Amino acid sequence: MIDLIYVSSAVNLMTQDELITILKKSRENNAKLDVTGMLLYHEGNFMQVLEGEEDAVMALYHKIAQDPRHHMVMRIATRPIKARNFAEWEMGFTNLRDVNPDMLEGFSKYLSEPLNSETFSENPSLAYAFLQSFKETLAR
């Protein structure tokens, strides 16, 4: 098994309804592929972690990279994993617009940056920690 983190930018800003439609379809497709993960959205930018069997994750990532609703798709990191970090979610989702920065101790300053900023691409472990903080916040 692997996990993969990527960032991308939406061609157009997305409405809440569009995001919900994407999320529903993602959950449906990911359940069929046995892929889990989390999707973050902030002001036109996405950060997503996908986890599952390598072939399934890589095929899904390449499909996402070809999706015309995205551009500037950049893989931040891929690593082998022994266990899933987001096993209970076909796809967890957070629109960062709705997040109280005080809930993310140590990470609130990153909410003012685009998800595709160099901060995350230069430090993949920060991206993993950032996503994990959302998982823990949402589980409360």
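Report follows, based on the coordinates. (Residues numbered from 1 in each chain as written. Predicted model: local features only at pLDDT ≥ 70, side-chain atom pairs only at ≥ 80, totals over all residues. Heavy atoms only, no water.)

This part takes up the layout of surface pockets. The calculated volume of the largest pocket comes to roughly 310 Å³. Every residue lining the largest pocket is counted, 17 residues in all, and those nearest its centre are Ile22, Ser26, Ile64, Asp67 and Arg69. Those elements giving two or more residues to the lining of the largest pocket turn out to be α1 (16-33), β3 (45-52) and α2 (54-66). With five residues, α1 is the largest single contributor of residues to the lining of the largest pocket. (1 Å grid on protein atoms, 1.4 Å probe; cavity = no way out; pocket = protein on both sides within 12 Å on 5 of 7 lines; lining within 4 Å. Points joined across faces, edges and corners; volume = space filled by probe spheres on them. Helix = DSSP H or I, 4+ residues; strand = E, 2+ residues; numbered from the N terminus.)

Bringing α1 into the picture now. Between the first and last C-alpha of α1 there are 25 Å, a value that for 18 residues agrees with the 26 Å anticipated at 1.5 Å per step. Immediately downstream of α1, the backbone of Asp34 shows phi near 60°, a positive value. (Expected span 1.5 Å × (residues − 1).)

Here we take up α2. Over its 13 residues, α2 runs 18 Å from end to end, which matches the ideal 18 Å to within 8%, given 1.5 Å per residue. Taken together, the buried positions of α2 are Ala56, Val57, Met58, Leu60, Tyr61 and Ile64. (Buried < 20%, exposed > 50% of the residue type's maximum accessible area, 1.4 Å probe, protein only.)

Here strand β2 (residues 36-42) lies mainly inside the structure; seven of its seven residues are buried. Side-chain alternation along β2 places Thr36, Met38, Leu40 and His42 on one buried face and Gly37, Leu39 and Tyr41 on a second face that is also buried. Here β2 runs beside β3; their pairing, made up of seven bridges, is antiparallel. If you follow Leu40 over to β3, its bridge partner there is Met47. As consecutive antiparallel partners, β2 and β3 are separated by two residues, and within that stretch Glu43 has a phi angle of approximately 45°, a positive value. (Pairing = 2+ DSSP bridges.)

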